[in-house]
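# Summary of structural features
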Amino acid sequence: MQSILTDFYRLESSEKTENGSFIAQISLNKDHDIFKGHFPGNPVTPGVCMMQIVKELSEEFTGKKLFLKSASNVKFMAIINPFETPDLKLQLDIAESEEDVKVKNTTSFGETIALKMSVNYQKLTT
């Protein structure tokens, strides 16, 4: 699947756990243009970019094109600075129904949880 965040991050590894969760290890590209404007001298990963990464990984793991219907309990709990903590771990608990995909995400670096959210995607037909 094509990423709209060209060169923003790299998927280093992914695995499906015994309980059915997906674990993805990604690395942010600290030299990406987004960080030049968000914010100069103090780069912060935009929340909307993190939400897009979760969507793209969900598409990758389900093999389906998805459209964001709703997001709830979105909690940005720590700043993700691409120079200090470029390596992130995303856990995605994915539940599929016929029309929808529900995802619970926890994103962390080291022992620090940076993002928690629940999202509901609609499956798109091509």
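Residues numbered from 1 in each chain as written. Predicted model: local features only at pLDDT ≥ 70, side-chain atom pairs only at ≥ 80, totals over all residues. Heavy atoms only, no water.

Once that is clear, we can look at the side chain of S108. Assignment of secondary structure puts S108 in strand β5 (residues 100-109). The class of S108 is buried, set by a relative accessible area of 12%. Among residues more than four places away in sequence, those in contact with S108 are D87, L88, K89, I113 and A114. (Helix = DSSP H or I, 4+ residues; strand = E, 2+ residues; numbered from the N terminus. Buried < 20%, exposed > 50% of the residue type's maximum accessible area, 1.4 Å probe, protein only. Contact = heavy atoms within 4.5 Å.)

What follows covers unusual backbone geometry. A cis geometry characterises the amide bond from H38 onward to F39, with omega recorded as 5°. Along the chain, the position of F39 falls in the loop between α1 (34-37) and α2 (47-62). The backbone of D7 sits at a positive phi, close to 60°, despite the residue not being glycine. Inspection of the secondary structure assignment puts D7 in the segment before β1 (9-16).

With that out of the way, let us pick up the side chain of Q52. Locating Q52 in the fold gives a position in helix α2. Apart from residues lying up to four places away in sequence, Q52 is in contact with I4 and L5.

Keep in mind that these numbers describe shape and distance, not what the molecule does.
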